[in-house]
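Descriptive analysis of the structure
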Number of protein chains: 2
Amino acid sequence: MTALLLIIVGGLCAVAYGIFTINDVMRRDAGTQRMQEIAGAIAEGAQAYLRRQYLTIAVVGILLFALLAYFLGLKVGIGFLIGAVLSGAAGFIGMNVSVRANVRTAQAATQSLGGGLDVAFKSGAVTGMLVAGLALLGVALYYTYLTRYAGLAPASRDVIDALVALGFGASLISIFARLGGGIFTKGADVGGDLVGKVEAGIPEDDPRNPATIADNVGDNVGDCAGMAADLFETYAVTLVATMVLAAIFFSGQTAVEGRNVLETMLLYPMAIGAACIVTSIVGTFFVRLGANQSIMGALYKGLIGAGILSIAAIAAINFVMFGGFATRFTTNTGATFTSLGLFLCAAIGLVITALIVVITEYYTGTNFRPVKSIAQSSVTGHGTNVIQGLAISLESTALPAIVIVGGIIATYSLAGLFGIAIAVTAMLALAGVVVALDAFGPVTDNAGGIAEMAGLPKEVRKSTDALDAVGNTTKAVTKGYAIGSAGLGALVLFAAYTSDLDYFIKNADQYTYFRGVTVDFSLSNPYVVVGLLLGGLIPYLFGGIAMTAVGRAAGAVVEEVRRQFREKPGIMKGTDRPDYGRAVDMLTRAAIKEMVVPSLLPVLSPVVLYFVILVIAGKGQAFAAVGAMLLGVILTGLYVAISMTSGGGAWDNAKKYIEDGHHGGKGSDAHKAAVTGDTVGDPYKDTAGPAVNPAIKITNIIALLLLAILAHS
Amino acid sequence: MTALLLIIVGGLCAVAYGIFTINDVMRRDAGTQRMQEIAGAIAEGAQAYLRRQYLTIAVVGILLFALLAYFLGLKVGIGFLIGAVLSGAAGFIGMNVSVRANVRTAQAATQSLGGGLDVAFKSGAVTGMLVAGLALLGVALYYTYLTRYAGLAPASRDVIDALVALGFGASLISIFARLGGGIFTKGADVGGDLVGKVEAGIPEDDPRNPATIADNVGDNVGDCAGMAADLFETYAVTLVATMVLAAIFFSGQTAVEGRNVLETMLLYPMAIGAACIVTSIVGTFFVRLGANQSIMGALYKGLIGAGILSIAAIAAINFVMFGGFATRFTTNTGATFTSLGLFLCAAIGLVITALIVVITEYYTGTNFRPVKSIAQSSVTGHGTNVIQGLAISLESTALPAIVIVGGIIATYSLAGLFGIAIAVTAMLALAGVVVALDAFGPVTDNAGGIAEMAGLPKEVRKSTDALDAVGNTTKAVTKGYAIGSAGLGALVLFAAYTSDLDYFIKNADQYTYFRGVTVDFSLSNPYVVVGLLLGGLIPYLFGGIAMTAVGRAAGAVVEEVRRQFREKPGIMKGTDRPDYGRAVDMLTRAAIKEMVVPSLLPVLSPVVLYFVILVIAGKGQAFAAVGAMLLGVILTGLYVAISMTSGGGAWDNAKKYIEDGHHGGKGSDAHKAAVTGDTVGDPYKDTAGPAVNPAIKITNIIALLLLAILAHS
């Protein structure tokens, strides 16, 4: 119980950090009347959108809650609710801090770059810590309730099902929030740019553009709340999947050489999470602008600090929980490894994080070949810019894939499947500080917008622009991290699926549905190939639908803005005020409407596949096809998502590189071509690409729940 | 022997058709002096390029021949040579007909649309029939030699290895020709357009553009010779893989109820090929312009005619070879099926072909939603055009994937793995007529260019343009067909790999390398996941490199053309002639240089993976990882290739749709945006996408050869 208590204290630290930091941020100067007005409009729009989004999700959520409670019992239903509510809360609180920090960042930037960085980063850190803290608390507290108060055995099916349902709740919010927020933010961004920059010839964030508030709202609901939900899900799902594996691998090992191995292994991933929350909080204090005024350097100090402290902390945990590095464990499936092996797996997880950060920065940073090559190719026109961008986006998948493969081989050699799970757990344990880097982006983006609209001096905009450029890279970095960890995490989920299935088949006396079922997961089974192919299709189809949705939403924004310009000629002269609210309203409706169908694609696919193959070829092949689908969706999903997020980031920064005065600078033909690339990259990197991430995991979670439901039938 | 003789006669029919039709085409009027001059320059450039390409391939080829002959014996080496030489010959002859037919098509089009169609289609049909005929003859004659004269048993390892090496020879030519030709043609096309249309403001194919001859050369070396090599490979490799499966599944069944099942099953795929060559030739006579002047309709008549006749022919083969539909067979692995089942599998193969044709036409034809949506999105600019194009390209993978999955399930249920193989064989048996539809494209494209450069009347250009627009769709259709069949064909190759491996392990007494090896192809084996991930990477990395190469080649063309304009100001005034040869030369060097490294990627990947995993985890896991790599490359390759070829075709026709007068027509802003989309689509659909196809198969073939070499070691 002491360990559990300490884990909960770790989670509470994050919440305490959040409350303390929110107060700190709110105490800052909120600027002039005009700035507060603008920020108020953004906040209002963002809150209105989120309210509507959550209401829509609630309809689906209540239906699913009822289904889960009916099929799997109330505890499972409640697990689902906890996941959904906490994920929603993390996004909601984060977004609310973000819409208040933006104006304070703009105001602080009037004094100094360091001041602006401080406010923006702290606001991002609130979101980051809440994501990690609430996810850990949700899992840990519900686990405590189930095993300590509801009297369930730690590795019992009821506990596993309830925790998986918690992950599913988080997944549900995540896919809707990522997609809905993504469509909103990029519809506003692309549409606003097209009609403002291109048609009317007014700069970005010009207050005369009726879509400008919507654009800033989008940053908060997409890049802040959407991203928070995504990482919350990845965190929760990974933790749960690792615990499911621990339950299966160590079930029955309650007294090995005087040690309750099962319980310890169930707690170990949560302990890593708790310790890393503390080290992440400490890491945030390392973020400080050095003498060289490098913003990226300041942020990296925090990340590196947190990483190194985490390695030390995990080593300490191994000593306390396993009594040193030498202790040896054997899973029920026969794999053996030592405590040192597990520690090394965790360390490898952190190394993977570091490598993915470095690789993503290489592909999206303005100092390296990829971005420079896109900028260079802009000189010969729109077409060559896009060709080179696509080439880079395809190429950028190679190194992350090799790193992930290396990670799989190394951790599997050290500690089998459980080793892979521990590596991903460690990767995600740093979510607090990584999300902080990302959530800082929309705040600075908004601060720039507010500075522009409120007519603050040019230098302020320069400071916020510098912060914003770094935000582009950190956003890409977080996405690389999220998808990398999702790829590895999904492998853990797949392992959970096969292990679960194994368990049900072995205990078919109790779970009669599985009587006489044999499953052949071999690649030479054509139903496995069928599952792989159909799984592989999901990210493509999903991505296609998401891109179309953004195009449609952007088109609607263009129409709306044109209408306002036509009906109120005073807007362009500055004598009449545009109706910002209508654009926000319209996008809200469009995003909510467009998010539902594609979100259901990964939810329904495994279920439909299961029943179709069941009819054609029986239970065994149906389970094989569904299992293969899970790997298929990871396989293409990983490549689709990495190529989209890295490629999009590279396009964006190629534009910034040209705006910095290369190849003719702003207004040159090369710049126009680069704007096209940036426009293409927008839905790539901020809608379709990141939304593939929850799509991968929700497919996996649904498969696990399907097994549970069939087992109960 | 009678059956073999008839098969060889079938192959010879194709050759006879080729000789007869070449004479027919060459007898046509070759137009004015000026037209012949231009055509001469194109022919010269194309021949020079192909000579250089084959020389380069020869260096690699001789090295590989030596390696194969050393490790696996002279018969295997010679098999490799036969495949390489015949593939090269098909491309070379086809290209030579094409560069003579272009000017004759232009001349015929001065009389009537039907006349132009006749010459162009016949020229394409020569290439088509030679591809199918030479591939069939190569396999059939070498098989005859090996089993009838060299005294080898039909299912012996030596025969299998020699035939696989024949496939490898074809693959080698294919990957180089597709990639080299693709880089040449799109480098010329993109570069020429950028500097001509965009910078200098002169129309396409304007004789003042120094890159214009290179552009026309590219059509012949890329779209004609490259495509021919690709389909030759797919045909040969599929035939060989089906025969390898037959050898493994029916080995020893030389006297079942008075029937030599083994020999019959080995001949069956070749018999299908021979019969369908005859039906394809008959089909070409159905191609005739109807009263409605629909070119697409005329071509479809040929395809549908050939398809229906083929079904009847295959039914007849089943009656002759298997003595009716009721005969029952049992493979050595225990699967049983009837002659009717095999016939139905072949019929399903033809249905898949039809469905893929229809789906591809839907996604790339100007009459349907996808192309119209891209045209519509061009109204709001370059960015939205590209976004919608990418959305369509992602979406376009869904239906083909579902068709392929349906095909796998249906044929596997009917006749197991051998059923899948027979379906692909039947699909490819129609290659003659399908390639004819495709190879007709570059001829009409060239004819248009010649008409423009020779200053023929506007109506001629209108006729050739109408032919060219249809060529865009048929090109996309053939690519869809090629990649669809490659996807299914690669499954057959994968089955050949696992069956081969199985065979070696079972006979480890003889093949000592395989002693004690056990291979776990289950998805829960992490090395399988590693193989899948790395296999999945190949199409991405390969595609990225190919796109970059096109961008670089196009950039070089832009520089060269700018230099000529600068140094010879008379060119633009029409008083000085541009130096066409330099652009051709430069592109030749660039394409040859750029094709080598990416071509080696799929060749070396399985070998490197095998030895790396061998060191880390031993033989069993190394075989598992390589096997998984084969499926991984199919899985992402299928999606990457379909999305690129369909998306590219849709972009191209969206531009044509606007040029037909929609959304403002030629010269409008929407048209400019559509030109950008077309430029992006060019390397997508003509370089990277189609080259993925041979990349998939070469990876698989190399894996089979690796097994053979290890077995001999």
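Numbering of residues starts from 1 in each chain and follows the order in which that chain's sequence is written. To read the labels, note that chains go from A and ligands from 1, taken in the order they are written. Per-residue local features of the predicted model are confined to residues with pLDDT of at least 70, and side-chain atom pairs are confined, for both listing and counting, to 80 or more; whole-chain, interface and lining totals are unaffected and use all residues. Side-chain measures were taken over the full set of non-hydrogen atoms in the model, leaving aside hydrogen atoms and water.

So, on to the overall build of chain A. Along its length, chain A carries 19 helices and two strands. To get the radius of gyration, use the C-alpha atoms; to get the globule rule, take the number of residues to the power 0.38 and multiply by 2.2 Å. The C-alpha atoms of chain A give 25 Å as radius of gyration, which agrees with the globular expectation for 713 residues (27 Å, within 12%). Note on contacts: a residue pair is in contact if any heavy atoms of the two residues lie within 4.5 Å. Put simply, 82% of the contacts in chain A that link residues at least 6 apart link residues at least 24 apart. Of the roughly 21000 Å² of accessible surface on chain A, 63% is carried by carbon and sulfur atoms. Here the positive residues are Lys and Arg and the negative ones are Asp and Glu; neither His nor the chain ends is included. Note on charges: their place is set at NZ of Lys, CZ of Arg, CG of Asp or CD of Glu. With 45 positive and 46 negative side-chain charges, chain A shows a separation of 2 Å between the mean positions of the two kinds. Helix and strand definitions follow DSSP, with helices as H or I runs of at least four residues and strands as E runs of at least two, each counted in order from the N terminus. Areas reported as accessible are Shrake-Rupley estimates using a 1.4 Å probe. Residue values count occlusion only from the protein chains shown.

Let's shift gears to the relation of the copies chain A and chain B. Superposition of chain A onto chain B requires a rotation of 180° combined with a translation of 0.0 Å along the rotation axis, giving an RMSD of 0.0 Å. The transformation relating the two chain copies, once decomposed into turn and shift, fits a two-fold axis. Relative to the rotation axis, the closest C-alpha in chain A is found at S522(A), a distance of 2.0 Å. Of the interface residues in chain A, 100% have counterparts in chain B that sit at the interface too, so the contact is made through matching surfaces. Only residues with pLDDT of at least 70 in both copies contribute their C-alpha atoms to the least-squares superposition of the copies.

Chemically, a disulfide is nothing more than a covalent bond linking the sulfur atoms of two cysteines. Residue and element names in this part refer to chain B. The rule for a disulfide is simple: a pair of cysteine sulfur atoms within 2.5 Å. Evaluation of the coordinates by the stated rule reveals zero disulfides over all chains. C276 supplies the cysteine sulfur nearest to C345, a cysteine that is in no disulfide, at a spacing of 15 Å. Only protein chains enter the calculation, and the probe is 1.4 Å; a residue is then buried if its accessible area is under 20% of its type maximum, exposed if over 50%, and partly exposed in between. We classify C345 as buried; its relative accessible area is 0%.

By nonpolar core we mean a set of buried residues, namely Ala, Val, Leu, Ile, Met, Phe, Trp, Tyr and Cys, connected to one another through side-chain atoms within 4.5 Å. Ranked by size, the top nonpolar core spans 572 residues in total, and within it M270(A), F514(A), M270(B) and F514(B) carry the most contacts. Broken down by element, the residue count for this core peaks at 35 residues, all from helix α17 (residues 580–659) of chain B. Those residues in contact with F514(B) that sit more than four places away from it in its chain are L501(B), F504(B), I505(B), A508(B), F623(B), L707(B), L710(B) and A711(B).

The subject of this paragraph is the interface of chain A and chain B. Facing 67 residues of chain A, the contacting portion of chain B comprises 67 residues. Carbon and sulfur atoms make up 84% of the surface buried where chain A meets chain B, a total of about 5800 Å² over both sides. Salt bridges are counted wherever a side-chain nitrogen of Lys or Arg sits within 4 Å of a carboxyl oxygen of Asp or Glu. Here chain A is connected to chain B by zero salt bridges. Under the rule applied, a polar contact is a pair of N or O atoms within 3.5 Å (in protein, one hydrogen donor and one hydrogen acceptor; residues adjacent in sequence only if both atoms are side-chain atoms). The tally of links from chain A across to chain B stands at eight residue pairs in polar contact (both at pLDDT 80 or more). When two components associate, each loses some accessible surface as probed by a 1.4 Å sphere; the sum of these losses over both components is called the buried area.

Looking now at the confidence of the model for chain A. Here chain A averages 91 in pLDDT, and 100% of its residues register 70 or above. Across the predicted assembly, pTM comes out at 0.94 and ipTM at 0.93. As a per-residue measure, pLDDT tells how confident the predictor is, with possible values from 0 to 100.

Let us now look at the packing of aromatic side chains. Working definition: rings of Phe, Tyr and Trp (its six-membered ring) pair if their centres are within 6.5 Å, and the pair is stacked with planes under 30 degrees apart, edge-to-face with planes over 60 apart, and tilted otherwise. Under the counting rule described, the total for this entry stands at 59 aromatic pairs over all chains. On the numbers, 5.0 Å between centres and 65° between planes, the contact of F322(A) with F329(A) is edge-to-face. For the pair formed by F322(A) and F329(A), the shared burial category is buried. Ring geometry for W651(B) against Y684(B): centres 6.0 Å apart, planes inclined by 65°, an arrangement best described as edge-to-face. Of the two residues, W651(B) is situated in helix α17 and Y684(B) in helix α18 (residues 669–712); the sequence distance between them amounts to 33 residues. By relative accessible area, which is 0% here, W651(B) ends up buried. Here the aromatic residues Y503(A), F504(A), Y511(A), Y513(A), F514(A), Y610(A), F611(A) and F623(A) are joined through ring pairs into a cluster of three or more. Note on geometry: a ring has a charge over it if NZ (lysine) or CZ (arginine) is within 6 Å of the ring centre and within 35 degrees of the ring normal. Taking NZ or CZ as reference, K619(B) lies 4.0 Å from the ring centre of Y513(B), over its face.

The next subject is the side chain of K656(B). Residue and element names in this part refer to chain B. By the secondary structure assignment, K656 is in helix α17. The side chain of K656 sits in the buried core without any salt bridge; D468 is the nearest counter-charge, 4.2 Å away. Contact partners of K656, with chain neighbours within four places excluded, come to D468, A469 and N472.

Take the UniProt feature "site: Determinant of potassium independence" (unreviewed entry) in chain A next. Residue and element names in this part refer to chain A. The sites that UniProt annotates as "site: Determinant of potassium independence" (unreviewed entry) are K475. Locating K475 in the fold gives a position in helix α14 (residues 458–506). The residues touching K475, leaving out its near neighbours within four places in the chain, are D223, D438 and D686. UniProt positions are given in the numbering used here, feature names are shortened, and annotations may be inferred rather than shown by experiment.

What follows is about the pattern of salt bridges. Enumeration over the complete set of coordinates arrives at 67 salt bridges over all chains. Its salt-bridge partner being D205(B), residue R461(B) comes within 3.4 Å of it at the nearest N-O pair. Linking R461(B) in helix α14 (residues 458–506) with D205(B) in the loop between α5 (157–200) and α6 (212–250), this pair joins segments that are 256 residues apart in sequence. Residue classification places D205(B) among the buried positions, given a relative accessible area of 6%. The partner of K506(B) in a salt bridge is D502(B), with the nearest N and O atoms 3.6 Å apart. Taken together, the residues K506(B) and D502(B), both in helix α14 and four residues apart, mark about one turn of the helix. Since its relative accessible area comes to 67%, K506(B) is described here as exposed. We classify D502(B) as partly exposed; its relative accessible area is 40%. Through salt bridges that share partners, K186(A), D189(A), K479(A), D652(A), D682(A), K685(A) and D686(A) make up one connected network.

Bringing the side chain of S171(B) into the picture now. Residue and element names in this part refer to chain B. Checked against the element boundaries, S171 lands in helix α5. S171 gets classed as buried once you look at its relative accessible area, which sits at 0%. Leaving out residues up to four positions away in the same chain, S171 has contacts with E233, V237, I698 and I701.

Mapped onto the secondary structure, A228(B) falls in helix α6. If sequence neighbours within four positions are ignored, A228(B) has contacts with G91(B), T127(B) and V131(B).

Attention now goes to helix α13 (residues 431–453) of chain A. Residues and elements named next belong to chain A. Multiplying one less than the number of residues by 1.5 Å gives the expected span of a helix. Given a rise of 1.5 Å per residue, 23 residues ought to cover 33 Å, and the 33 Å separating the end C-alpha atoms of α13 matches this to within 8%. Most of α13 is tucked away: 22 of the 23 residues are buried. The first or second residue beyond α13 is G455, which carries a positive phi of 65°.

Quick look at the packing of helix α15 (residues 526–567) of chain B against α17(B) now. Residues and elements named next belong to chain B. It is the contact of α15 with α17, at a shortest axis distance of 8 Å, that shows an interaxial angle of 170°. Judged on the interaxial angle alone, α17 and α15 are roughly antiparallel. Its residues assigned to classes, the contact of α15 with α17 comprises 31 nonpolar, 10 polar and five charged. Inter-axis angles, ranging from 0 to 180 degrees, are taken between N-to-C directions of lines fitted to C-alpha atoms, where helices are fitted over the stretch in contact. Comment on the angle field: the value is read as roughly parallel under 35 degrees, roughly antiparallel over 145, roughly perpendicular from 65 to 115, and oblique elsewhere. In this classification, the charged set is Asp, Glu, Lys and Arg, the nonpolar set is Ala, Val, Leu, Ile, Met, Phe, Trp, Tyr, Cys and Pro, and all remaining amino acids, among them Gly, are polar.

Moving on to α6(B). Structural remark: α-helix, 3.6 residues per turn; residues separated by three or four positions point the same way. All names here are of chain B. Taking 1.5 Å per residue, 39 residues should reach 57 Å; α6 reaches 55 Å between its end C-alpha atoms and fits that length. With respect to burial, α6 is a largely interior element, 39 of its 39 residues being buried. Downstream of α6 by one or two residues, G252 has phi in the positive range, about 90°.

Attention shifts here to unusual backbone geometry. All names here are of chain A. Residue Q293 is not a glycine yet carries a positive backbone phi of 60°. Relative to the helices and strands, Q293 is located in the loop between α7 (261–284) and α8 (295–322). Classification of Q293 as partly exposed rests on a relative accessible area of 45%. Its identity is not glycine, yet H663 carries a phi of approximately 50°, on the positive side. You can see H663 is positioned in the loop between α18 (619–659) and α19 (669–712). Exposure remark for H663: the relative accessible area of 30% places this residue in the partly exposed category.

The subject of this paragraph is the environment of A316(B). Mapped onto the elements, A316(B) comes out in helix α8 (residues 295–322). Sequence separation between A316(B) and F343(B) is 27 residues, and the spatial gap between their C-alpha atoms is 9.7 Å.

Structurally, V680(A) is set in helix α19. Taking the C-alpha atoms as reference, V680(A) lies 8.7 Å from V190(A); in sequence the two are 490 residues apart. Other than its neighbours up to four places away in sequence, V680(A) contacts W651(A), G383(B), V386(B), I387(B) and L390(B).

This part takes up the packing of helix α3 (residues 74–109) of chain B against helix α4 (residues 113–149) of chain B. All names here are of chain B. Here α3 crosses α4 at 170°, and the two axes come no closer than 8 Å. Relative to α4, the element α3 lies roughly antiparallel. Its residues assigned to classes, the contact of α3 with α4 shows 18 nonpolar, nine polar and two charged.

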